[in-house]
Amino acid sequence: MTERDATAAWRYHNATKHSYWSVRLEGHQLDWANEPLPFKLYRGLEPIPLPRDLHATDVPCLEALASAEYPAEKEAPDLPTLASLLYFSAGITKRVRYPGGEIYFRAAACTGALYHIDLYLVCGDLPGLSAGVYHFGPHDFALRRLRAGDYRAVLVDAAGQEPTVAAAPAVLVFASTFWRNAWKYRARAYRHCFWDSGTILANLLAMAAAHRLPAKVVLGFADGQVDHLLGLDGRREASLFMVALGRGTPPAGTLQVPALSLETVPLSAREVEYDEIVRMHQAASLADGDEAARWRGEPPPMPLPPPSGRLYPLAPLPLSASEPTEAVVLRRGSTRRFDRGGSISFAELSAVVHCATRGIPADFLPSRGLGLNRLFLIVNAVDGLPSGTYVYRPEAEALELLREGEFRQQAGYLALEQPLGADACVDLYLLSPLGRVLERFGDRGYRAAQLEAGTVGGKVYLAAYALRRGATGLTFYDDDVTAFFSPAAEGHGVMFLTAVGVPWRRRVQN
Ligand SMILES: Cc1cc2nc3c(=O)[nH]c(=O)nc-3n(C[C@H](O)[C@H](O)[C@H](O)COP(=O)(O)O)c2cc1C
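All of these numbers come straight from a predicted model, not from anything done at the bench. (Residues numbered from 1 in each chain as written. Predicted model: local features only at pLDDT ≥ 70, side-chain atom pairs only at ≥ 80, totals over all residues. Heavy atoms only, no water.)

On to the domain arrangement of the protein, then. Taken domain by domain, the protein consists of domain 1 (39–295) and domain 2 (311–501). On a C-alpha basis, the centroid separation for the pair domain 1 and domain 2 is 25 Å. Taken together, the 52 residues of domain 1 in the interface contact 48 residues of domain 2. Interface area for domain 1 against domain 2, summed over the two sides, is near 4,200 Å², with a carbon-plus-sulfur share of 64%. If you sort the residues of domain 1 by the area they bury against domain 2, Leu 62, Trp 195 and Trp 295 come out on top, with a joint share of 18%. Between Asp 478 and Arg 188 there is a salt bridge, and its shortest N-O distance comes to 3.1 Å. For the side of domain 1 that touches domain 2, the secondary structure elements donating two or more residues are helix 3 (61–66), helix 4 (79–90), strand 2 (92–98), helix 8 (189–210), strand 8 (215–218), strand 9 (237–245) and helix 10 (275–283). Ranked by residues supplied to the side of domain 1 that touches domain 2, first place goes to helix 8 with 13 residues. Of the residues assigned to the side of domain 1 that touches domain 2, the class counts are 34 nonpolar, 11 polar and 7 charged. (Domains from an automatic or database assignment. Contact = heavy atoms within 4.5 Å. Buried area = accessible area lost by both parts, 1.4 Å probe. Salt bridge = Lys/Arg side-chain N within 4 Å of Asp/Glu carboxyl O. Helix = DSSP H or I, 4+ residues; strand = E, 2+ residues; numbered from the N terminus. Nonpolar A, V, L, I, M, F, W, Y, C, P; charged D, E, K, R; others polar.)

Before going further, it helps to spend a moment on the sheet that holds strand 12 (residues 374–379). Reading across from one edge, 10-15-14-12-16-18-17 is the order of the 7 strands in this open sheet, with antiparallel pairing throughout. Looking along the sheet, the strands with just one partner apiece sit at the ends: strand 10 (311–313) and strand 17 (470–474). Here the average twist between neighbouring strands, direction ignored, is 25°. Here strand 12 pairs with strand 14 (residues 388–393) via 4 bridges, running antiparallel. By the bridge assignment for strand 14, Leu 377 is matched with Tyr 390. Strands strand 10, strand 12, strand 14, strand 15 (398–404) and strand 16 (426–432) of the sheet are contacted by helix 13 (residues 346–356), whose axis makes an angle of about 155° with strand 12. Lying over the sheet, helix 17 (residues 444–466) contacts strand 16, strand 17 and strand 18 (493–501), oriented at roughly 5° with respect to strand 18. (Pairing = 2+ DSSP bridges. Axes fitted to C-alpha atoms, helices over the stretch in contact; angles between N-to-C directions.)

Structure follows, in structure tokens:
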């Protein structure tokens, strides 16, 4: 990456926008005979089964979500804790049969249920697991060892000696095989890498908080070095970010990493490579640990002009009233139809906004609050709050009314003409002032902004389900959304949309 160059990000972002005309003219047909597998299956590696008797934690989900850093007690995760983190973030939680087969739904939402994100574990010796590099297989809830021995020093070097990676007994690396999502979404799949890993990350951070295990997201690292360690080619399949878990002493392992060549089951008869994805990913990559160390840091200031609309201070419900995250994750699913007659209370919306925006521990974000995105809302049916459009003001912990009125029709249109957007009680949009973000972080800032938004969106999902409401991620007409929220949103790119509402239930006939 040429430092602070962001031309690739602008090109990619503009080329992958949805508009009224783009969706009508693109003419992309799904080739069902060539649908990729939703799993990475290694041939010839023995599964190491993970314990399935997962102990429940006692931290209420809303509290876990709201804690950017929950008081950490554990220094290193043991195998049962790792099993719990992996299951409730990326495990299979539901199997649904349909005439053509069966879909294995997972703990976190994923565009198109295509599940293109894989998790790898790089660890020293842990209670119950020897040092190594492992792949997590959700299909049989097992790890597979790709390398034996302690390779954490490679991550420390790649991350430019980032202190939490240097002290972590275990690190999870998130990666995507682009084709598994691009089969349906083509070049837009690169955005989905961060959306779909963001929802997994939201669950993971809540579970880490519940286990009182320190966790930090690290996006500043030399991509090639990490890909090489995991045996990824960086073009078809690439690492996205890592999460340092626990706190210990720096590893003394090797930096010598022989090439891996492990056979996997082909995903489909043929694969298509999308140039836009390859170009974007390479432009946003870092060459070595020194570049990673220079890249990371505080986000740019994002001052909003003083409020001119009425302010509604958040009034969240008591967060302690919710169930533990595990129960919420097992209940979560994307709502397929909202009840247009339903409403949520302002206290519930306040809890969702509060929990989702407390902050994400990451090497490119502030210790508290949002760093690269702003939250805009279309309120359709929230008791105690006039319908209209709002922007969240973190400094005042309040929603500022931008325009009062009934916007259900526009809300449905902006969500790619899907009724879910219109029938929801509230649509929560994350928009990023991309000019500032890319000026500060270069092309890699695009990954950062998408990842923050995806993670906040994942927190919105969990918070809504913790309140026994429904939620779904939705896609959107990019420029129409920016125009709709302008002038407040001028110069912003749309990153993520989650709709929250009351799930529709068939009326029982007497
Ligand atoms: C970022 C994101 C965008 C999504 N966009 C849509 C959408 O536009 N329309 C839709 O019906 N569902 C959408 N979904 C929901 C997914 O289809 C759903 O997560 C997936 O089928 C898995 O099901 P589950 O969430 O119930 O586990 C989206 C999900 C995410 C995470």
